[in-house]
Structure formats: C-alpha cells, structure tokens
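Letter by letter, the chains look like this.
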Amino acid sequence: MASEKFKNIESTAVPLAIENIDTDQIIPARFLKATTREGFGKNLFRDWRFDTNGKPKPDFVLNNPAHSGSILVTGKNFGSGSSREHAAWAIFDYGFKVVVSSFFADIFRNNALNNGLLPVQVSEDYLLKIFKAIETDPSTKLKVDLVEQEITLLVNGDKEKFEINPYKKDCLLNGYDDIDYILNLKRKIFEFEKKRG
C-alpha cells in the first residue's frame, strides 16, 4: 500500500532513552488481532504508558506534555525480538515519521522502511548529544533530510550522515511500496520488451 511522499522533517523529538526495546514492548502481542495498519498507535508502548486500569502513567515520556513531535529518539538495539510488522504500524500510526537510534534490529528496520517510517541510525556519540540537547531544552528541534541523508541538531548545527538502502530511499521519497515501484517502471519494461522483439 502506497504512503505519503517523505518530506524533510524539522521537529521536536520525544526522548525514550531505553536500550534493547523489543517489539513486544512497542506493541504487546494481545493487540495484534487487527489485520489493517490503522488504530495501533493508541496501544504504542501500552504497558509503559498505562497502568492496569488504563490510566496514563505520568512518569512515562509519551505522557509528558513537555515532549512531542514526529521524531522518536531511542536507545540502541531498537526493535529487537519478534518480526511483527505491527511495531512499525503502531509507531507510524501514533504520528512518528522518524525513529533515531544507534542500532536497529534488521527486521524492524525493513518493516519500518516498508511502511513509510524512516529509521535513522546514528553513532552512539551523536545519539548522546541529541539526548543531552533535549534534556537541556525539550523544545530542541532536529532536521532530517532524506535526500542528503543527514540529521541535524538545529540548536547548534551539529549534523551527521546516515545510511539507507538506495531502493528504499527512492520508495520513501516517492511514496511507493514495492508494487508501486514496479508499476512506475511499467513503461520502461514495455519499451525494453519491445526492443527485444
């Protein structure tokens, strides 16, 4: 299913300075009954966000009004555990467009890219700079430039490059899923076949 074209993002960020967050913590297994992508955001980090009575836990960062934005900044080894695609669905449905970490589990990274969510892997030093900047001032903004493959702390201009598969980059910039990408090449495929006779 095609998604919106990815545009450069300038946004405040939500800092979740926890390492080894697995997909069951992102979206608990009991919420995986739906087969469409919509509605998973309300249960993102469910057991961390809410108590057993469904009341928001005030000490969890997503319940802190000081922190908001379309960028989630997390500790290293994000998205480990099961291969559930619902984890990427939940993060995107909540409103995040970018997740920043110093390391992503491979399956989560691919699921994110397939669902319009950009995983930006940075060095541990740069990640620490982001966390410190947000701790100093929650209104700190980050700029994520997919074309240049660059993330910037706007408060001081400190930037770092990030890697992305060129095919997935093209898909994000154009809002393509795998099928859209092939359909976009249809004319070139026909022309190639015509030349072959």
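What am I meant to see in the overall build of the chain here?
Counting its regular elements, the chain contains eight helices and seven strands. Here the chain holds 197 residues, and the buried ones make up 43% of them. In the chain, once contacts between residues fewer than 6 apart in sequence are set aside, the share between residues at least 24 apart is 64%. A total accessible area of about 10800 Å² is found for the chain, and carbon and sulfur atoms account for 51% of it.

What exactly am I supposed to notice about helix α3 (residues 86-94) here?
In an α-helix there are 3.6 residues to a turn, and that puts residues three or four apart on one side. All of the buried residues in α3 are His86, Ala87, Ala88, Trp89, Ala90 and Ile91. If you follow the buried residues of α3, they end up packed against α1 (23-26), β3 (98-101) and α4 (106-114). Downstream of α3 by a residue or two, Gly95 has a phi angle that is positive, lying close to 125 degrees.

Help me out: how do you make sense of the packing of α3 against α4 in this one?
Axis angle and axis distance: for two packed helices, these are the angle between their axes and the distance between the axes, and together they describe the pair. Close contact between α3 and α4 brings their axes to 8 Å; oriented N to C, the two are set at 50 degrees. Between α3 and α4, the angle falls in the class oblique. With respect to the hand of their crossing, α3 and α4 are arranged in right-handed fashion. Across the interface between the two elements, Ala87, Ala88 and Ile91 of α3 pack against Phe108, Asn111 and Ala112 of α4. Here the residues of the contact of α3 with α4 are counted per class, giving five nonpolar, one polar and no charged.

Whenever I open this one, the side chain of His67 confuses me. Can you help?
Looking at where His67 falls in the secondary structure, it is placed in the loop between α2 (46-49) and β2 (71-74). Leave out the neighbours within four places in its chain, and His67 touches Ala13, Val14, Pro15, Val61, Ile134 and Pro138.

I'm lost on the side chain of Ser70 in this one. Help?
Tracing the sequence through the fold places Ser70 in the loop between α2 and β2. Using a relative accessible area of 16% as the deciding quantity, one classes Ser70 as buried. Residues within four places of Ser70 in sequence aside, it is in contact with Ile9, Ser11, Thr12, Gly95, Phe96, Lys97 and Val98.

Looking at this structure, I do not really get the pattern of salt bridges. What am I missing?
Pairing is possible between side chains that carry opposite charge, provided their charged atoms lie close to one another. If you walk through the whole model with that rule in mind, you get six salt bridges. We note a salt bridge from Arg84 to Asp24, for which the minimum N-O separation is 3.0 Å. Of this pair, Arg84 sits in the loop between β2 and α3 while Asp24 sits in helix α1, and the two are 60 residues apart along the sequence. Between Glu124 and Lys76 there is a salt bridge; the shortest N-O distance is 3.7 Å. One end of the pair, Glu124, is in helix α5 (residues 124-136); the other, Lys76, is in the loop between β2 and α3, and 48 residues separate them in sequence. With a relative accessible area of 32%, Lys76 lands in the partly exposed category.

Can you help me understand the sheet that holds strand β5 (residues 141-145) in this one?
Sheet strands pair via backbone hydrogen bonds, and the direction of the pair is either parallel or antiparallel. One open sheet holds the seven strands; their spatial order is β4-β3-β2-β1-β5-β6-β7, and the pairing between them is mixed. The outermost strands of the open sheet, each flanked by one partner alone, are β4 (118-121) and β7 (158-161). Ignoring which end each strand starts from, the neighbouring axes of this sheet average 30 degrees apart. Sheet topology places β2 next to β3; three bridges connect them, and they run parallel. Bridge pairing links Val73 to Val100 in β3.

Analysis parameters
- Residues numbered from 1 in each chain as written.
- Predicted model: local features only at pLDDT ≥ 70, side-chain atom pairs only at ≥ 80, totals over all residues.
- Heavy atoms only, no water.
- Helix = DSSP H or I, 4+ residues; strand = E, 2+ residues; numbered from the N terminus.
- Buried < 20%, exposed > 50% of the residue type's maximum accessible area, 1.4 Å probe, protein only.
- Contact = heavy atoms within 4.5 Å.
- Areas by Shrake-Rupley, 256 points an atom, 1.4 Å probe, with all protein chains shown as cover.
- Axes fitted to C-alpha atoms, helices over the stretch in contact; angles between N-to-C directions.
- Parallel < 35°, antiparallel > 145°, perpendicular 65-115°, else oblique.
- Left-handed = near helix turned anticlockwise from the far one by under 90°.
- Nonpolar A, V, L, I, M, F, W, Y, C, P; charged D, E, K, R; others polar.
- Salt bridge = Lys/Arg side-chain N within 4 Å of Asp/Glu carboxyl O.
- Pairing = 2+ DSSP bridges.

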